[in-house]
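Commentary on secondary and tertiary structure
Here are the chains, one letter per residue:
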Amino acid sequence: MNAWAQRLPLAKLLTLNPGAFKHDLIAGVTVSLVAIPQSLAYAQLAGVPAYYGLYAALIPTIVGALFGSSRQLSTGPVAMTSLLTAASVAPLAAHGSETFYAFVILLAMLSGLFQVLFGVLRVGVLLNFLSHPVLMGFINAAAIIIGLSQLPTLLGISVHQSDHFLLDIWQVFAHIDTLHELSFAFGLSAIVLLVGFKKLAPKLPGVLITVVLLTWISYLTGYAELGGKVVGVVPQGLPSFSIPLLDWHATMSLLPAAFVIALISFMEAMSSAKVIAIKTRQPWDENKELIGQGLAKIAAAFSHSMPVSGSFSRSALNLASNAQTGFSSIISAVFVLLTLLFFTALLYHLPKPVLAAVIMMAVIGLINFRAILNAWHASRDDGIAAIVTFLSTLAFAPNIQNGILTGIILSLALLLYRMMRPRIAALGIYSDGTLRDAHRHNLPSLHPMLGAIRFDGALRFVNVSYFEDALLRFERENPAVRYILVKCNGVNYLDASGVEMLSNLIVRFKSNGITLGFSGLKKQVLDVMDRTGLSRHIGRDNLFATDQEAFDQLYLRGAIDKKIE
């Protein structure tokens, strides 16, 4: 196969050997047994008819497999993206209306366009602006919201949805006397079965068995006729292909949500792809994956469905089943197609409380408060960002996209604050002869006429004033000092603002009889000094390769009256 042909999406499938085909076939069948009931459940979470979930597990899954870079990543409906979808569209249209469904489809296209644009511009690395602590704070809060959002369905209680999620949940408990006993029985039975399969028979398709068994019982008992809510009629056949409704007002309103969904859903996909790459030692391209995930969302929009993403659980199942290529995802989609063509009638009596239980059990594994605690132990700033994101996501619910945006803005603000105030330490001689933080190690000053400080960080416009103030304060606190040495091993960047500040500082110090010297300058910093003439202004004899060279030269010059040991 020539180099051009190898670039085609189908190229990786055309070279499939019989052994790999067998593994992919088994993996595809295994994943489909989980994907079908999950797809129905996540459609319910997104606020759209159940068959939207099946549509999302069909063509988008194939497109994600063909155009993505990770061989085992399974694309389709996922809990987080589904919740974001429902929360984003709810303020614009009544739940259950055709306008609501049209806006969900539009949101799939917009979020997909964002991801394709990110991939084409090769800015996948910019997604790292979403820090891990912020992501963990958001995921923990979103998992709790997802679980609680299923309580009304699980209990069979009808509650009016407002703009305050926590108030809605309180209303559920306030109206607990209206609980529908049979609905609760189905939901509780589903939870018991799912937990039992996970603990006692993890290799069996517990979700599928639970759904089939309880759907059969629902049919036998006439659950729908007794007031229970079921999936109902699922249209038979392929989804209709159409251009999404283009509404200018809705598009402008959905753009922020589309951006957040593009960001969060790719972070989900990226975390799965990274785990897969580590375990399989196969390379993956984040920009190519962005394009693949974006095209999958666009395909969902044109096939009458909802936003999709890379599924962590189904991808892990793909990996555990030893899938070799994206062909396993195509096999999974084929079984979804067979369900749409021949088995939709069997889904009519599927109780919605059972789907609620499936959702709750799927997201319970996302709750990980230890990650927030670890962020706090690692850095107070990271801990604050994680906690604020967690609390703001809960507070803003159902508009949880505001929570993640709050976390991103806060984490960037804290980063900027840290850049503005890097660590500056007055130095003394440690017992091993090295320069260390005098305050931390309780060290005496170097010499009445000599001071040394260490600056840890790039010297740029955001912190030049902080650096200048630190040196001027050092001058005031040490009136006898005649030479200040700046240890620059931690300085890896110098911009024009830094050059200007140093030039002015040197002039001011000279007028007060103080000389400023620098040791351990990195080449890129010294190059900037040379190009701007700053090194000549400082004086070549005041630029030292090491601290010891600085001490030796100052002693020889008589700048200090005895050598520092």
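Residues numbered from 1 in each chain as written. Predicted model: local features only at pLDDT ≥ 70, side-chain atom pairs only at ≥ 80, totals over all residues. Heavy atoms only, no water.

Thoughts on the overall build of the protein
The secondary structure content of the protein amounts to 26 helices and 8 strands. Dimensions along the principal axes, computed over C-alpha positions, put the protein at roughly 100 × 65 × 50 Å. Taken over 565 residues, the protein has a buried fraction of 53%. If you take every contact in the protein between residues at least 6 apart in sequence, the share linking residues at least 24 apart comes to 79%. Surface accessibility of the protein: about 26100 Å² in total, with carbon and sulfur atoms responsible for 63%. When the 39 basic and 31 acidic side-chain charges of the protein are each reduced to a single mean position, those positions are 7 Å apart. (Helix = DSSP H or I, 4+ residues; strand = E, 2+ residues; numbered from the N terminus. Buried < 20%, exposed > 50% of the residue type's maximum accessible area, 1.4 Å probe, protein only. Contact = heavy atoms within 4.5 Å. Areas by Shrake-Rupley, 256 points an atom, 1.4 Å probe, with all protein chains shown as cover. Lys, Arg positive; Asp, Glu negative; His and termini not counted. Charge placed at Lys NZ, Arg CZ, Asp CG, Glu CD.)

With respect to the sheet that holds strand β4 (residues 435-437)
Taking strand neighbours across the sheet as the criterion, the 6 strands line up as β4-β3-β5-β6-β7-β8 in an open arrangement whose pairing is mixed. Strands at the two margins of the open sheet, each flanked by one partner only, are β4 and β8 (543-544). Note: strand β3 (residues 423-429) against β4, 3 bridges, orientation antiparallel. When the sheet's bridge partners are listed, G428 is paired in β4 with R436. (Pairing = 2+ DSSP bridges.)

Description of the pairing of β3
Judged from the 4 bridges that link them, β3 and strand β5 (residues 450-456) form a sheet pairing that is antiparallel. Following the sheet pairing, A426 is matched in β5 by I453.

Here's the deal with the packing of aromatic side chains
Here the structure, examined in full by the defined rule, presents 11 aromatic pairs. Ring centres 4.7 Å apart and planes at 55° place the aromatic pair F186 and Y223 in the tilted group. With F186 in helix α11 (residues 181-200) and Y223 in the loop between α12 (206-221) and α13 (248-280), this residue pair connects regions lying 37 residues apart in the sequence. For the pair formed by F186 and Y223, the shared burial category is buried. Arranged with centres 6.4 Å apart and planes meeting at 70°, the rings of F342 and F343 form a pair that is edge-to-face. By relative accessible area, F342 is classed as exposed at 56%. Classification of F343 as partly exposed rests on a relative accessible area of 42%. (Phe/Tyr/Trp six-rings, centres within 6.5 Å; stacked < 30°, edge-to-face > 60°.)

Some thoughts on the pattern of salt bridges
Going through the model one piece at a time under the given rule, you end up with 5 salt bridges. With a closest N to O distance of 2.6 Å, K487 and D547 form a salt bridge. Placement of K487 in strand β6 (residues 483-487) and of D547 in helix α26 (residues 547-557) is noted, with a sequence separation of 60 residues between them. The closest approach of N and O atoms between D530 and R540, which form a salt bridge, is 2.7 Å. Of this pair, D530 sits in helix α24 (residues 523-532) while R540 sits in the loop between α25 (534-538) and β8, placing them 10 residues apart in sequence. (Salt bridge = Lys/Arg side-chain N within 4 Å of Asp/Glu carboxyl O.)

Section: the environment of G310
With respect to the element layout, G310 can be found in strand β2 (residues 309-311). For G310, a relative accessible area of 0% corresponds to the buried category. Every residue in contact with G310, bar those within four places of it in the chain, is listed here: L73, S74, T75, V78, E268, A269 and Q293.

Observations regarding unusual backbone geometry
Positive phi, close to 60°, is recorded for H304, a residue that is not glycine. Looking at where H304 falls in the secondary structure, it is placed in the loop between α14 (286-302) and β2. Not every positive phi belongs to a glycine, and N322 is a case in point at roughly 65°. For N322, a relative accessible area of 36% puts it in the partly exposed group.

Remarks on a positive patch on the surface
A surface patch of like charges, here positive, comprises R421, R473, R476 and R508. Within the fold, R421 resides in the loop between α20 (401-420) and β3. (Patch = residues over 30% accessible without salt bridge, like charges linked within 9 Å, V, L, I, M, F, W, Y side chains within 5 Å.)

Here's the deal with the side chain of Q72
For Q72, the position within the fold is in the loop between α5 (59-67) and β1 (74-76). With a relative accessible area of 1%, Q72 lands in the buried category. At 2.9 Å, the side chain of Q72 forms a polar contact with the backbone oxygen of A323. Ignoring any residue separated from it by four or fewer positions in sequence, one finds Q72 in contact with I276, T280, Q282, S315, N318, L319, A323 and Q324. (Polar contact = N/O pair within 3.5 Å; in protein donor to acceptor, adjacent residues only side chain to side chain.)

Focus: the nonpolar core
Judged by nonpolar contacts, the single largest core of 107 residues is most densely connected at V48, L130, F138 and I264. It is α13 that provides the largest number of residues to this core, a total of 13 residues. In this view, F138 contacts M80, L84, I264, T389, T393, I400 and I404; residues no more than four positions away in its chain are not counted. Core analysis: the next-biggest nonpolar cluster, separate from the first, contains 30 residues, I453, V464, F467 and L502 among them. (Core = buried A, V, L, I, M, F, W, Y, C linked by side-chain atoms within 4.5 Å.)

Observations concerning the side chain of S183
For S183, the position within the fold is in helix α11. One polar contact links S183 to H180, side chain to side chain, over a distance of 2.7 Å. Setting aside its immediate chain neighbours within four residues, S183 contacts L154, L155, G156, Y223, G228 and P353.

Concerning the confidence of the model for the protein
Averaged over every residue, the pLDDT of the protein is 86; residues scoring 70 or more account for 93%. Considering each helix and strand of the protein separately, the mean pLDDT is smallest for helix α1 (residues 3-6), with a value of 45, and largest for helix α7 (residues 98-120), with 95. (pLDDT = per-residue confidence, 0-100.)

Overview of the packing of helix α6 (residues 79-89) against α13
Taken N-terminus to C-terminus, the directions of α6 and α13 make an angle of 175°; their axes are 10 Å apart at the nearest point. Classified by the angle their axes make, α6 and α13 are roughly antiparallel. Within the contact between the two elements, α6 uses M80, T81, L84, T85, S88 and V89 and α13 uses L254, A257, V260, I261, I264, S265 and E268. Counted by class, the contact of α6 with α13 contains 8 nonpolar, 4 polar and 1 charged residues. (Axes fitted to C-alpha atoms, helices over the stretch in contact; angles between N-to-C directions. Parallel < 35°, antiparallel > 145°, perpendicular 65-115°, else oblique. Nonpolar A, V, L, I, M, F, W, Y, C, P; charged D, E, K, R; others polar.)

Remarks on helix α10 (residues 165-174)
Of the positions making up α10, those classed as buried are F165, D168, I169 and V172. Across the axial projection of α10, the buried residues extend over an arc of 100°, all falling on one side. Elements that come into contact with the buried residues of α10 comprise α8 (132-149) and α9 (151-155). (Arc of directions from axis to C-beta.)

Some points on helix α23 (residues 496-511)
Between its terminal C-alpha atoms α23 stretches 23 Å, which fits the 22 Å expected from 16 residues at 1.5 Å a residue. Here α23 has its buried residues at G498, V499, M501, L502, S503, L505, I506 and F509. Buried residues belonging to α23 abut α22 (464-477), β6, β7 (515-519), α24 and α25. Its side-chain oxygen placed 3.2 Å from the backbone nitrogen of S497, D495 serves as the N-cap of α23. One or two positions beyond α23, positive phi appears at G513, with a value near 80°. (Expected span 1.5 Å × (residues − 1).)

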